[in-house]
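Here are the chains, one letter per residue:
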Amino acid sequence: MRNGVACVALVVLGLLLVQARAAETIVDGAFDQARDGFWGSGDVVLSREDGKLCAAVPAGGQAWDRLMGVNDIRLKPGKAYRLSMTTEARGARRFPILVQRASEPWTAQARIDGHADEKAADISTIFVATEADTAQLVFHLGGAPAPWRLCIDDVALVQVDAKPAAASVAAPSGRASPLEALPALVNQAGYFLDGPKRATIISSSAKPLDFKLVDASGATVGEGTTKLAGFDPTVGADTHVADFSVFHRAGEGYRIIVGDAASFPFAVGRDVYSRLRIDALSWFYPQRSGIEIEGSIAGAAYARPAGHIGEGENRGDTDVGCLSGSVAEALYGDWRCDYRLDVAGGWYDAGDNGKYSVNGAVSAAQLLGTFERGMAYGGGASAALSDSLSRVPENGNGVPDLLDEARWELEFLMKMVVPDGQPLAGMVHHKIHDTAWTLPPLLPHMDAEERALHHPSTAATLDFAAVAAQGARLFAAYDEAFSQKLLTAARKAWLAAAANPVLYAPTSDGLQGGGDYDDDDVTDERYWAAAELFITTGEKKYLTVLHASPYWAGPVFSPAGAFHWRNPAALGRINLALYGEKLAKKDLSMIRKSVVSAAGNFLKLQQKEPFGQIYRPAENRYDWGSNYAILQNMLVMAAGYDLSGDKALLQGIRESMDYILGRNAMNMSYITGYGSVSPQNQHSRWYAHQLDPAFPNPPVGSLAGGPNSTAVDEIARSRLQDCAPQTCYADDIAAYGSNEIAINWNASLVSVASFLADAR
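Computed from a prediction, not measured in an experiment: that's the story for all the values here.

S.K.: Talk me through the overall build of the protein; I want residue IDs and the actual numbers.
M.R.: Counting its regular elements, the protein contains 17 helices and 23 strands. Here the protein has a C-alpha radius of gyration of 27 Å; the compact-globule value for 760 residues is 27 Å, and the two agree. Dimensions of the protein along its principal axes, counting C-alpha atoms only, are 100 × 70 × 55 Å. Sequence-distant contacts, at least 24 apart, represent 71% of the contacts inside the protein between residues at least 6 apart. For the protein, the computed accessible surface area is about 28900 Å², with 53% contributed by carbon and sulfur atoms. Across the protein, 66 positive and 87 negative side-chain charges occur, with their mean positions spaced 7 Å apart.

S.K.: With reference to specific residues and values, describe the side chain of S626.
M.R.: Inspection of the secondary structure assignment puts S626 in helix α13 (residues 626-644). Residue classification places S626 among the buried residues on the basis of a relative accessible area of 0%. Apart from the residues within four sequence positions on either side, S626 is in contact with Y615, G705, G706 and P707.

S.K.: Give me the packing of aromatic side chains: which residues, what numbers.
M.R.: All chains considered together, the criterion is met by 27 aromatic pairs. Each ring, one from W283 and one from F284, has its centre 5.0 Å from the other, and the planes form 90 degrees; the classification is edge-to-face. The exposure class assigned to W283 is buried, which follows from its relative accessible area of 1%. A relative accessible area of 0% places F284 in the buried class. With a centroid separation of 6.3 Å and an interplanar angle of 50 degrees, the aromatic rings of Y377 and Y579 are classed as tilted. Taken together, the positions of Y377 in helix α5 (residues 357-377) and Y579 in helix α11 (residues 569-579) put the pair 202 residues apart, joining distant regions of the chain. On the basis of relative accessible area, Y377 is assigned to the partly exposed category, the value being 26%. A relative accessible area of 10% places Y579 in the buried class. The rings of Y191, F244, F247, Y254 and F266 are connected pair by pair, giving a single aromatic cluster. We note R407 situated over the ring of F482; from NZ or CZ to the ring centre the distance is 3.7 Å.

S.K.: Can you lay out the layout of surface pockets for me, pointing to particular residues and giving the numbers?
M.R.: By volume, the second largest pocket amounts to about 830 Å³. Around the second largest pocket, the lining comprises 39 residues; the ones closest to its centre are A229, Q607, K608, E609 and P610. Of all the secondary structure elements, the ones that give two or more residues to the lining of the second largest pocket are β14 (227-232), β15 (237-243), α12 (585-606) and α14 (647-660). In terms of residues, the lining of the second largest pocket owes the most to one element, β14, which gives six residues. In terms of residue class, the lining of the second largest pocket is built from 13 nonpolar, 15 polar and 11 charged.

S.K.: Any chance you could break down the confidence of the model for the protein for me, citing the residues and the numbers?
M.R.: Of all residues in the protein, 94% have pLDDT values of 70 or greater, and the mean over the chain is 91. Confidence over residues 1-22 falls short of pLDDT 50; this stretch has zero contacts with residues more than four positions distant or in other chains. Scored below 50 in pLDDT, residues 163-175 makes 28 contacts in the model with residues more than four places away or belonging to other chains.

S.K.: A description of the environment of W437 should follow, citing residues and the corresponding values.
M.R.: Positionally, W437 belongs in the loop between β21 (431-434) and β22 (451-453). Separated by 77 residues in sequence, W437 and G514 place their C-alpha atoms 7.0 Å apart.

S.K.: How would you summarise the sheet that holds strand β4 (residues 67-73) if you had to cite specific residues and measurements?
M.R.: Read across the sheet, five strands follow the order β1-β4-β9-β6-β7 without closing on themselves; strand pairing throughout is antiparallel. Taken across any chain shown, the strands that pair with only one partner, and hence form the sheet edges, are β1 (39-41) and β7 (108-116). Between one strand and the next, the sheet's axes are offset by a mean angle of 25 degrees, whatever the strand orientation. Of the pairings in the sheet, the one linking strand β6 (residues 93-101) to β7 comprises eight bridges and is antiparallel in character. What sits directly across from V99, in β7, is A110.

S.K.: Before we move on, can you summarise the packing of helix α9 (residues 523-537) against helix α10 (residues 540-548) with the specific residues and values?
M.R.: Relative orientation of the contacting elements α9 and α10 amounts to 145 degrees, with a least axis distance of 8 Å. In this structure, the crossing between α9 and α10 has a hand that is left-handed. Of α10, the residues touching α9 (which contributes R526, Y527, A530, A531, L533, F534 and T537) are Y542, L543, V545 and L546. Residues belonging to the contact of α9 with α10 are distributed by class as follows: nine nonpolar, one polar and one charged.

S.K.: Go over the sheet that holds β22 with me, naming the residues and quoting the values.
M.R.: Within the open sheet, the three strands sit side by side as β19-β21-β22. Their pairing is antiparallel. For this open sheet the edge positions go to β19 (355-356) and β22, each flanked by a neighbour on one side alone. In this structure, β19 lies alongside β21, joined through two bridges in antiparallel fashion. Looking across to β21, one finds that K355 is bridged to I432.

S.K.: I'd love a proper account of the nonpolar core, names of residues and values included.
M.R.: In terms of nonpolar packing, the biggest core is built from 168 residues, with F464, F557 and M657 touching the most fellow members. The element best represented in this core is helix α7 (residues 458-475), accounting for 12 residues. If near-sequence neighbours (up to four positions away) are discounted, F464 is found in contact with A361, L413, M414, V417, V428, A489 and A493. The next biggest cluster of nonpolar side chains, apart from the first, holds 35 residues, and it includes L46, L83, A110 and I112.

S.K.: Quick rundown of the pairing of β6? Include the residues and the values.
M.R.: Burial analysis of β6 places seven of its nine residues in the buried class, which makes it a mostly covered element. Note that β6 and strand β9 (residues 135-140) share five bridges and pair antiparallel. Note that in β9 the partner of Q100 across the bridge is Q136.

About the cut-offs
- Residues numbered from 1 in each chain as written.
- Predicted model: local features only at pLDDT ≥ 70, side-chain atom pairs only at ≥ 80, totals over all residues.
- Heavy atoms only, no water.
- Helix = DSSP H or I, 4+ residues; strand = E, 2+ residues; numbered from the N terminus.
- Rg over C-alpha atoms; globule rule 2.2 N^0.38 Å.
- Contact = heavy atoms within 4.5 Å.
- Areas by Shrake-Rupley, 256 points an atom, 1.4 Å probe, with all protein chains shown as cover.
- Lys, Arg positive; Asp, Glu negative; His and termini not counted.
- Charge placed at Lys NZ, Arg CZ, Asp CG, Glu CD.
- Buried < 20%, exposed > 50% of the residue type's maximum accessible area, 1.4 Å probe, protein only.
- Phe/Tyr/Trp six-rings, centres within 6.5 Å; stacked < 30°, edge-to-face > 60°.
- Lys NZ or Arg CZ within 6 Å of the ring centre and 35° of its normal.
- 1 Å grid on protein atoms, 1.4 Å probe; cavity = no way out; pocket = protein on both sides within 12 Å on 5 of 7 lines; lining within 4 Å.
- Points joined across faces, edges and corners; volume = space filled by probe spheres on them.
- Nonpolar A, V, L, I, M, F, W, Y, C, P; charged D, E, K, R; others polar.
- pLDDT = per-residue confidence, 0-100.
- Pairing = 2+ DSSP bridges.
- Axes fitted to C-alpha atoms, helices over the stretch in contact; angles between N-to-C directions.
- Left-handed = near helix turned anticlockwise from the far one by under 90°.
- Core = buried A, V, L, I, M, F, W, Y, C linked by side-chain atoms within 4.5 Å.

This is the structure in structure tokens:
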């Protein structure tokens, strides 16, 4: 019998080994059979030595410029996996390791902070897969100051019966998450009558939950059961979704009831976005610098004298010199300028008094893009073309309000150009702001700090060339002289940037009264500028630059945020797709297919999100301005819808707004004045009611930045320690990392609201 038992044991052991091999997704991760499929890119050279895989990594570049990885990984959504390996290197090294989609938009499902030293280190993590798309394991190895060498062994990726360590809100084992006390999470402003209508419930129940839809009187008008949506690492809890899309009765005051908990009330069929388009655009008028804000237009609480025009204690922007002294020398070397400029006007960038050319250009471009989309795809009746759309002094002047508001920034950007006859003539100053930080509460006209121009940059110059070219084609029908002025300025900036291709903004002046807005890669800005100049002029020289750009046929859209002031390439791609009729047919077809494909990929990503938002950044960590990133991704889908007419994309955009308007783990709308609960204390020096009742709260239509997993302010460090990503938010004026206002954020909100108000 003893031999029989041994035989049975051997058979069982053999079966277990077969099952283990079947579950393993990395082929030959021990590197002892010469069957692994690992590859290197960015001049990374791989070798197999003594049962290990070694990578010789060149110095320099960004982390993602030097890669090692393996493709053809298949994962099951909702299942847990353990990724493990050993690493060695000569000298301590740290590097990101990602499990991500193997194609654009490269969605990350897991990320490890990899490390290696001379002694073999064991690395391991458990994560839950979120996608069925083919994935890849990628090591980001670039950015080292000197060449280095990494060796890995025993790489394994296997399915396990476990979940990753939950985020901070996850309760101890065997207990429900505190977030389960929340009611059903809904779009508090309202759902489209013919659109998706879903709510998210945080619950550890392994069975579907019953829910009711009740009207304002409490009468039941619909019933259903939830669908289990799985564990969401951004909240550290299990989720359900209640789908009541079949309900088609317009009204106010509806609620979703699960158990004894009722959601906030919401409307069905009410036109939310026509009003939001007005409020979001009207938000820009009180952000204007250099002009009196009239209470009769903006509201009595927001009336104030013109800011930074050099009256009284205010140093002003009408006569500004360049940054000088030891700070300038440390930042810019021996650069000096002996001229002074009148740079009054423009928008205050965020909650402080700084004005930044790169962000200003991107924001103005989005307002111009909102108008252009309304003109080209709004059926000729879009309110985006209206001369009375927003609350601005220019109402009734014969020019659409979107163009009027964008012009306020365009005029300022033209003032930021280095004058003729000076070194770097035609280049654009990167920014202008105080030379020391001020504190709220403080109205702009009371700012007594000295102001200074900062070094011109290639990024700012190319961004200006792009938005000026875009403005030139849109103002042509309303002000031909201004249109020609913009086009001349765009051409001049293009040539200046070509003559000074690597003037980068530094990263070390964040304590000098303004933000850095640093950028050491301008290939994306050059692509955007060439795109706008080509769309406007059709000239071959710009097309030649486009064809040579890495962004011509390369990836430009990221699920962590499709575009940004640091990477505006997606703006160029979208506008080429929408308005690039001067392109050859095959080129235009290729570009349009890339946008429609990216929109489809975002839709697939969204369909796996329990909260319906189009956003899943690496490590599930929410970025600064996460709400802005969600809106950016929606705009890619909007372009895809305009190009394809695919109604699923429209419905996806509608559902993604649910998150912004209350279907989130904070159970609040992130737009002031919309929904039952919305932000009232965004970071601002003049919307400072929280600090001084004499100051107002932010106006209706102000978008808060949204959850930020990085604790950059004292509020986050003291109150949001170890927060789950979706809960890393505080409606506090000091929480600038999650609760600031910004021109680019509201510009995206204008674009999305305008699209949703028009699209049917």
